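# Coordinate analysis (summary)
Take a look at the letters that make up each chain.
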Amino acid sequence: MPSAVDPQDDLWMAIKQISQSSMGSDYIDQLIPIMKDARYSNQLQFAFDQFSNDREAEIEKICNANHQDFVSSVDSMLRIRDQTVQMSGEILQLNESIQESIEKLAEQKKALVDSRGVRQNINEATQALNACLNVLRIANQVQDMLREKNYYAALRALDELQTVHLKAIDRYKIANMIEKSVPQTQDQIREAVKTDLSTWLFRIRESSQFLGEVSFYYTDVRRTRNQDRSEADLRFSKFKLNSAIELVADETDEFDVLNNEEAGNETDFSPLFEAMHINETLGKSDQFRTEYAADRRTQKDLIIPTKLNLLDEECGDLSSLLESIAGFAIIEKATMSKTANLRHQSDVDELWDSMCQSAINLITKSLHMVENDELLLRIKGRVALFMLTMEKWGYSVAAMNDLLLTLFSKYSELLKQRFSDDFLEIVQTDDYMPMPINSVEEYDKVVTVSWYSPDKTREELTFPCVLPFSQMYPLCCIDIRNFLNQIYLFSDDYFQKSSIIDETLRTALDDLLCQKVCQSLIDRLSSQYPGQIVQILTNLEHFETACVELQDLLFQARSSPSATGPIVLDATERFKLAKKQASDRIFELVNSKIDDLIETAEYDWMATKPSHEPSEYMLELTRYLSNIMSSVLLALPTEIKEFIYFDALSHASSAILDLTLDEGVKRITPFAVAALAMDTRYLSDFVSSLNNPILMENLDELTQTVALMGTENTDEFFDVAQRNRKYGKVDNMKGAILIEKVTEGAQVAAQSPTKPTTTTERFGTLGSRFGIR
């Protein structure tokens with residue numbers, strides 16, 4: 001059935017619209033269906049020609065009115081025609097191209113239908129491959145994270161791979177292969193973490209000494225601050241370092257030993273935390289805890305050297321050892337506080353006790369080589385600083401107390417030996433002369449260091465002057481004070497055994513004073529010079545006074561608050577006994593001299609003529625007694641000097657009487673008695689000039705005996721009442737003997753023909769009158 005629409009009209013309308021369009025391609029899409037239709041293949045060109053003719057006619061009609069416009073329109077029309085021809089060619093080319101495309105498209109559609117099944121297979125393979133590639137990508141990411149040390153992320157990725165992604169490809173062999181490699185990868189992660197932890201432990205061990213050094217420095221700062229606080233407020237003086245009051249006073253201090261920018265110290269526990277977290281995630285916390293404990297025990301052994309040099313003046317080896325132990329122990333405490341269930345208190349305490357014991361053994365083993373007390377004090381100072389530091393961290397330092405006792409024992413021995421040598425040198429090099437003082441400054445120095453109470457005030461003295469003691473006394477006093485100070489230096493910082501210090505000080509000081517000072521002075525009493533003995537006696541008296549003062553000083557300085565009762569030095573009694581020995585030695589020397597002088601007496605007991613001058617020995621004797629009183633014995637205290645003089649006169653009196661009682665003296669003539677009486681009166685006058693009645697009593701026996709020898713009425717001696725009144729100090733036996741000798745001497749002097757009786761017979765006769773058989 002023919003179409004209701006005339007195709008010619010459709011072509012005409014299309015061409016008209018194209019001519020009216022500003023762009024020739026606007027309606028080209030409308031021509032494409034017409035060009036494809038075979039019905040219009042011949043009519044299209046005809047339609048364009050007809051349209052062109054119509055347009056020309058129209059243009060000609062329009063141009064008739066205006067030739068110029070017509071000419072322009074003709075030109076335009078010609079151009080349009082050219083363009084139309086050109087467009088027609090392009091349309092034909094486009095038609096050919098479309099025909100070719102349609103053919104190719106049909107071929108491709110056929111190929112597409114053929115390859116649709118293949119494509120489905122490829123899609124499924126691609127999906128499977130992508131899933132496998134995703135698994136491999138995650139597996140590679142795990143290895144990359146492992147290399148980048150992002151262990152926890154690697155472990156999480158591995159877990160995600162195992163629990164999610166592998167299930168999607170579980171039907172493929174690669175899933176089984178990767179599944180089998182997961183435990184190995186986990187072990188790699190754990191080994192990598194362990195390696196990093198080992199590196200961290202190595203760095204921690206290497207930095208332990210510096211950490212200990214920083215902690216020691218901080219303890220020293222706290223100690224200085226506590227001392228300043230005590231000096232500013234005496235109420236703080238009884239609170240030592242690490243006491244509750246000191247910790248409260250320092251609570252505002254924010255010094256962090258583990259992380260301190262000023263000290264350049266930073267301790268990062270991240271590797272440890274990461275290792276703990278990784279092992280906990282892997283379910284191997286117990287195994288990790290065991291391995292970590294073993295590593296720390298190994299590191300503990302590495303910081304302990306095989307030997308220790310204690311002879312270094314700066315205590316370098318000892319400081320390094322103690323600082324390393326302190327740093328190691330501080331890390332342990334910090335680890336225990338920053339982690340949960342990694343380190344048990346028993347494990348930490350075990351390592352601490354082991355390190356302390358190793359340090360004690362090393363120090364004790366090398367201690368015998370130390371012969372310098374100052375070096376030993378520095379060693380003690382490092383140990384005490386170590387103890388104070390670790391006590392602050394909550395460690396028990398009880399084991400180190402025994403080491404301090406050992407150090408103190410060694411220190412006191414060295415100190416005692418050094419001061420023993422000093423005391424001996426002082427005693428041996430002393431000149432044993434009263435100490436000269438040339439200025440008030442020198443006087444003040446001596447009085448300050450010595451226990452000496454001068455008789456005169458400082459203003460009454462004139463310089464130069466002499467002090468009663470010799471130079472050894474103030475020098476020994478200085479050494480005693482130095483010994484006290486240096487012993488008590490050991491009790492600073494940290495030493496709980498204060499009672500041991502007090503007792504050691506007392507016994508050591510007692511031994512020094514008794515053996516090195518007192519005994520040395522006693523040994524020098526063998527000297528034959530009375531002046532030296534007198535000076536020794538003076539020194540001994542001052543040392544006795546010093547011991548009394550020293551007892552009070554030791555009582556006041558006693559460091560043990562629990563000690564009661566006074567402190568008694570054996571040296572006090574020892575010096576007192578030594579004074580008696582020195583006095584006896586002076587008596588011995590003086591009496592020996594008196595004996596020597598009296599032995600020079602040349603009495604002629606059978607003298608027949610009187611003597612008009614005192615004997616030469618008596619002159620020498622009184623001169624000697626006068627000289628020692630005014631020179632040798634002048635420095636002695638009055639009571640000692642009088643006692644020596646008293647004994648000397650007693651001895652001289654007895655020695656003179658012994659001259660008459662000598663067995664070689666058979667008879668004594670009246671002239672000999674008169675010579676003896678003259679010497680006795682001379683001696684009596686000398687003693688009387690001393691204005692000491694007590695000394696005169698020493699001559700009573702001598703004067704009464706000489707008076708008895710010179711009396712004509714000897715019967716008074718045999719009358720008890722008369723004898724007690726006139727001859728009370730005369731010995732009965734000696735008096736009878738002397739009367740016998742004088743009687744016989746008188747008979748000889750008178751040239752009596754009576755044969756004198758023997759001494760024995762005369763003694764027997766007189767003895768019977770006194771009831772003596």
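Residues numbered from 1 in each chain as written. Predicted model: local features only at pLDDT ≥ 70, side-chain atom pairs only at ≥ 80, totals over all residues. Heavy atoms only, no water.

Named according to an unreviewed UniProt entry, the protein chain is Exocyst complex component SEC15 originating from Paraphoma chrysanthemicola. Recorded under Sequence similarities (unreviewed entry), the UniProt text for the protein chain is reproduced unchanged: "Belongs to the SEC15 family." Taken from UniProt, the Function (unreviewed entry) comment for the protein chain reads in full: "Component of the exocyst complex involved in the docking of exocytic vesicles with fusion sites on the plasma membrane." (UniProt positions renumbered as here; feature names shortened; annotations may be inferred.)

## Quick notes on the overall build of the protein chain
What the protein chain contains, in helices and strands, is 27 helices and 4 strands. In the protein chain, the proportion of contacts linking residues at least 24 apart, taken out of those at least 6 apart, comes to 75%. Summed over its atoms, the accessible surface of the protein chain is roughly 42600 Å², and 51% of this surface lies on carbon and sulfur atoms. (Helix = DSSP H or I, 4+ residues; strand = E, 2+ residues; numbered from the N terminus. Contact = heavy atoms within 4.5 Å. Areas by Shrake-Rupley, 256 points an atom, 1.4 Å probe, with all protein chains shown as cover.)

## Remarks on the packing of aromatic side chains
All chains considered together, the criterion is met by 17 aromatic pairs. Aromatic ring contacts, followed pair by pair, group Tyr 452, Phe 469, Tyr 473, Phe 543 and Phe 575 into a single cluster. Over the ring of Phe 328 we find Arg 296; its NZ or CZ atom is 3.9 Å from the centre of that ring. Over the face of the ring belonging to Trp 451 we find Arg 481, whose NZ or CZ atom lies 4.2 Å from the ring centre. (Phe/Tyr/Trp six-rings, centres within 6.5 Å; stacked < 30°, edge-to-face > 60°. Lys NZ or Arg CZ within 6 Å of the ring centre and 35° of its normal.)

## Examining a negative patch on the surface
A cluster of acidic residues, Glu 96, Glu 100, Glu 103 and Glu 107, forms a negative patch at the surface. In this fold, Glu 100 is placed in helix H4 (residues 67-147). (Patch = residues over 30% accessible without salt bridge, like charges linked within 9 Å, V, L, I, M, F, W, Y side chains within 5 Å. Salt bridge = Lys/Arg side-chain N within 4 Å of Asp/Glu carboxyl O. Lys, Arg positive; Asp, Glu negative; His and termini not counted. Charge placed at Lys NZ, Arg CZ, Asp CG, Glu CD.)

## Quick word on helix H23 (residues 700-710)
For H23, every residue scored as buried is listed here: Leu 702, Gln 704, Thr 705, Val 706, Leu 708 and Met 709. At its buried positions, H23 is contacted by helix H20 (638-661), helix H21 (670-688), helix H24 (715-718), helix H25 (720-726) and helix H26 (732-749). (Buried < 20%, exposed > 50% of the residue type's maximum accessible area, 1.4 Å probe, protein only.)

## Details of the packing of helix H10 (residues 316-338) against helix H12 (residues 373-392)
Interhelical geometry of H10 versus H12 gives an angle of 5° and a closest axis separation of 10 Å. On the basis of their axis angle, the class for H10 and H12 is roughly parallel. Two secondary-structure elements touch here, H10 through Leu 318, Ser 319, Leu 322, Glu 323, Ile 325, Ala 326, Ala 329 and Ile 330 and H12 through Ile 379, Arg 382, Val 383, Phe 386 and Met 390. Here the contact of H10 with H12 is composed, by residue class, of 10 nonpolar, 1 polar and 2 charged. (Axes fitted to C-alpha atoms, helices over the stretch in contact; angles between N-to-C directions. Parallel < 35°, antiparallel > 145°, perpendicular 65-115°, else oblique. Nonpolar A, V, L, I, M, F, W, Y, C, P; charged D, E, K, R; others polar.)

## With respect to the pattern of salt bridges
Opposite charge on two side chains lets them pair, provided their charged atoms get close. Under the defined criterion, the tally for this structure stands at 20 salt bridges. For Arg 623, the salt bridge is made with Glu 620, and the minimal N-O distance between the two is 2.8 Å. Pair noted here: Arg 623 and Glu 620 are both in helix H19 (residues 616-632), with a separation of 3 residues, about one helical turn. Each member of the salt-bridge network shares a partner with another, and the members are Arg 296, Glu 332 and Arg 343.

## Some words on the confidence of the model for the protein chain
For the protein chain, the mean per-residue pLDDT works out to 79, and 79% of the residues sit at or above 70. Mean pLDDT across the secondary structure elements of the protein chain bottoms out at helix H27 (residues 759-769), with 37, and peaks at helix H11 (residues 345-366), with 91. pLDDT under 50 marks residues 1-5. Its contacts with residues more than four places away, or in other chains, come to 1 contact. Note that pLDDT drops below 50 for residues 752-773; the model gives that stretch 29 contacts with residues more than four away or on any other chain. (pLDDT = per-residue confidence, 0-100.)

## Here we look at H11
Between its first and last C-alpha, H11 extends 32 Å over 22 residues, near the 32 Å set by a 1.5 Å rise per residue. Among the residues making up H11, those that are buried are Val 348, Leu 351, Trp 352, Met 355, Cys 356, Ala 359, Ile 360, Leu 362, Ile 363 and Ser 366. Around the axis of H11, the buried residues are gathered within 165° of arc, so they sit on the same side. Along H11, exposed side chains directed more than 90 degrees from the buried face belong to Glu 350 and Lys 365. Summarising the contacts, the buried residues of H11 are in contact with helix H9 (285-303), H10, H12 and helix H13 (398-429). (Expected span 1.5 Å × (residues − 1). Arc of directions from axis to C-beta.)

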